[in-house]
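# Remarks on the overall topology
So you can see what is in the structure, the chains are spelled out below.
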Number of protein chains: 2
Amino acid sequence: MAIYQHILIAADFSQHNQQVLQRAHQLAQQHDATLSICHVIEDYPITDFAYEPMIGVDLDMRDSMLQSAKSQIAKLAQQLTIGTDNQWVEFGSTRHDIVRIADENNVDLIVIGSHGRHGIQLLLGSTANAVLHHAHCDVLAVRLQDN
Amino acid sequence: MAIYQHILIAADFSQHNQQVLQRAHQLAQQHDATLSICHVIEDYPITDFAYEPMIGVDLDMRDSMLQSAKSQIAKLAQQLTIGTDNQWVEFGSTRHDIVRIADENNVDLIVIGSHGRHGIQLLLGSTANAVLHHAHCDVLAVRLQDN
């Protein structure tokens, strides 16, 4: 019996992303699992809403960010032969929306990159950490060789 | 090529431990990897050293805890046919010593149980969280069904 049937990559666009993609791809092959990919753009308000005329710019900027992220995810997905139905790019809260996407699609393993963190970075936490705490399925943190 | 060659179980003795053991065992079989097991007893001073006569009791208590933990780990190891050379039970700091044992034995995947945490528990962190931050290899957090 396959241990994992649906593996979700929580991708970022760091230079180390390839390590996460490669590991998830190997695991999906080994477990004969479906592979999906998602990217959540943390939803901070970009402009100060006291300046009403900025709202238009804000919306344009959000749309531009979303299109850029979708295009990058599409390239990564193509590299891993992941179809369009298994790609999700959204604005939202990384910790909650990665877990929600996993839940909604019966994902049983989330694969995410993990950077070494020390001092204040450790206190501030990380996406991997947040996903680990909130996920309802297993989480594989791939150690990125950045330190 | 096998993705993981040496998988280390960071065991605790909770009722959910079997989920972690089973997952690690399945993965080790699937990856044809060596399987090891460790348990680190968090090293708090048990007694107040202002009371010198207590030191003897403290040492006895530590020894008794160590023996009990070794015996429990030996049972789990036997269940998974892990030899005595691949079992480690120590007093120390869970976050540092699990990572040290992994480093010293060329472990490339640590498997650890992860409890859902909320509120103050989230702030206090968890062993899985600490290991995730400090490990130099990949970490698989197995979601325990305790909430």
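I will try to describe carefully the structure that is included in this document. (Residues numbered from 1 in each chain as written. Chains lettered and ligands numbered in written order. Predicted model: local features only at pLDDT ≥ 70, side-chain atom pairs only at ≥ 80, totals over all residues. Heavy atoms only, no water.)

## Description of the packing of helix H3 (residues 94-104) of chain A against helix H5 (residues 127-134) of chain A
Residue and element names in this part refer to chain A. Formally: Angles here are taken between N-to-C directions and fall from 0 to 180 degrees, while the axes themselves are lines fitted to C-alpha atoms, restricted in helices to the stretch in contact. A run of DSSP states H or I qualifies as a helix once it reaches four residues; a run of E qualifies as a strand once it reaches two. Both are numbered from the N-terminal end. Reported orientations rely on four angle classes, namely roughly parallel under 35 degrees, roughly antiparallel over 145, roughly perpendicular from 65 to 115, and oblique for the rest. For a crossing to be left-handed, the near helix must be turned anticlockwise from the far one by less than a right angle; the clockwise case is right-handed. Residue contacts follow a heavy-atom distance rule, with two residues in contact if any of their heavy atoms lie within 4.5 Å. Under the grouping applied here, Gly and all other residues not named as nonpolar or charged are polar, the nonpolar ones being Ala, Val, Leu, Ile, Met, Phe, Trp, Tyr, Cys and Pro and the charged ones Asp, Glu, Lys and Arg.
Packing of H3 against H5 brings their axes to within 9 Å, and their N-to-C directions diverge by 50°. One element, H3, and the other, H5, form an angle in the oblique class. For the element pair H3 and H5, the recorded crossing hand is right-handed. Of H5, the residues touching H3 (which contributes Thr94, Arg95, His96, Ile98 and Val99) are Thr127, Ala130, Val131 and His134. Taken together, the residues of the contact of H3 with H5 break down into four nonpolar, four polar and one charged.

## A closer look at the pattern of salt bridges
Between side chains of opposite charge, a pair can form as their charged atoms come close. Quick reminder of the rule: Here, a salt bridge means any side-chain nitrogen of Lys or Arg that lies within 4 Å of a carboxyl oxygen of Asp or Glu. Exposure classes here rest on a 1.4 Å probe applied to the protein chains alone. A residue is buried below 20% of its type maximum, exposed above 50%, and partly exposed in between.
Under the criterion given, the structure shown has eight salt bridges over all chains. Among the ionic pairs, A:Arg100 bridges to A:Glu104, the shortest N-O distance being 3.2 Å. Highlighted residues: A:Arg100 and A:Glu104, both in helix H3, separated by four residues, approximately one helical turn. Overall, the relative accessible area of 27% leaves A:Arg100 in the partly exposed class. For A:Glu104, a relative accessible area of 54% gives the class exposed. In this structure, B:Arg100 and B:Asp97 form a salt bridge, with 3.0 Å as the shortest nitrogen-oxygen distance. Highlighted residues: B:Arg100 and B:Asp97, both in helix H3 (residues 94-104), separated by three residues, approximately one helical turn. A single network of salt bridges, built from pairs that share partners, joins A:Glu90, A:Asp97, A:Arg100 and A:Glu104.

## Some remarks on the relation of the copies chain B and chain A
So the rule is basically this: When the copies are overlaid, the least-squares fit takes in C-alpha atoms only where the residue has pLDDT of at least 70 in both copies.
At an RMSD of 0.0 Å, chain B and chain A line up after a rotation of 180° and a shift of 0.0 Å along the axis. Such values leave the two copies arranged in the relation of a two-fold axis. Minimal C-alpha separation from the rotation axis in chain B is found for B:Leu140, amounting to 2.2 Å. Most of the interface of chain B is mirrored in chain A, where 100% of its interface residues again form contacts.

## Details of the packing of aromatic side chains
Selection criterion: Note on ring pairs: Phe, Tyr and Trp rings are taken, using the six-membered ring of Trp, and paired if centres are within 6.5 Å. Classes follow the plane angle, with under 30 degrees stacked, over 60 edge-to-face and the rest tilted. Criterion for a charge above a ring: Lys NZ or Arg CZ within 6 Å of the ring centre, and within 35 degrees of the ring normal.
Counted under the stated rule, the structure contains zero aromatic pairs over all chains. One cation-aromatic arrangement involves A:Arg62 over A:Phe91; the distance from NZ or CZ to the ring centre is 4.2 Å.

## Quick notes on the interface of chain B and chain A
Defined as follows: Put simply, buried area is the surface a 1.4 Å probe can reach on two separate parts but cannot reach once they are joined, added for both. The pairing criterion is simple: DSSP has to find at least two bridges between the two strands.
The interface is formed by 28 residues belonging to chain B together with 28 residues belonging to chain A. Regarding the contact of chain B and chain A, the summed buried area is about 2500 Å², with carbon and sulfur atoms giving 53% of it. At the junction of chain B with chain A, the criterion picks out two salt bridges. A salt bridge links B:Asp138 to A:Arg23; the shortest N-O distance between them is 2.4 Å. Secondary-structure elements contributing two or more residues to the side of chain B that touches chain A are helix H1 (17-31), strand E4 (109-114), helix H5 (127-134) and strand E5 (138-143) of chain B. A total of six residues in the side of chain B that touches chain A trace back to one element, the largest contributor, which is E5(B). Of the residues assigned to the side of chain B that touches chain A, the class counts are 13 nonpolar, 11 polar and four charged. Where strand E5 (residues 138-143) of chain A lies against E5(B), three bridges are found, and the strand directions are antiparallel.

## Quick word on the layout of surface pockets
Residues and elements named next belong to chain B. Just so we agree on the cut-off: Detection works on a 1 Å grid of protein atoms alone, calling trapped sets that fit a 1.4 Å probe cavities and calling open sets with protein on both sides within 12 Å along at least five of seven lines pockets, with lining residues defined by an atom within 4 Å of a point. Grid points are joined across faces, edges and corners, and a volume is the space filled by probe spheres set on the points.
Taken as a whole, the second largest pocket holds about 280 Å³ of empty space. Put simply, the parts of the chain that give the lining of the second largest pocket at least two residues each are H1, strand E2 (34-42), H3, E4 and H5. Looking at the lining of the second largest pocket, its residues break down into nine nonpolar, 10 polar and two charged.

## Structural notes on the environment of B:Val40
Residues and elements named next belong to chain B. Mapped onto the elements, Val40 comes out in strand E2. Separated by 29 residues in sequence, Val40 and Ala11 have C-alpha atoms that sit 8.3 Å apart. Once residues lying within four places of it in the same chain are set aside, the contact partners of Val40 are Glu90, Phe91, Gly92, Ser93, Thr94, Asp97, Ile98 and Ile101.

Keep in mind that these numbers describe shape and distance, not what the molecule does.
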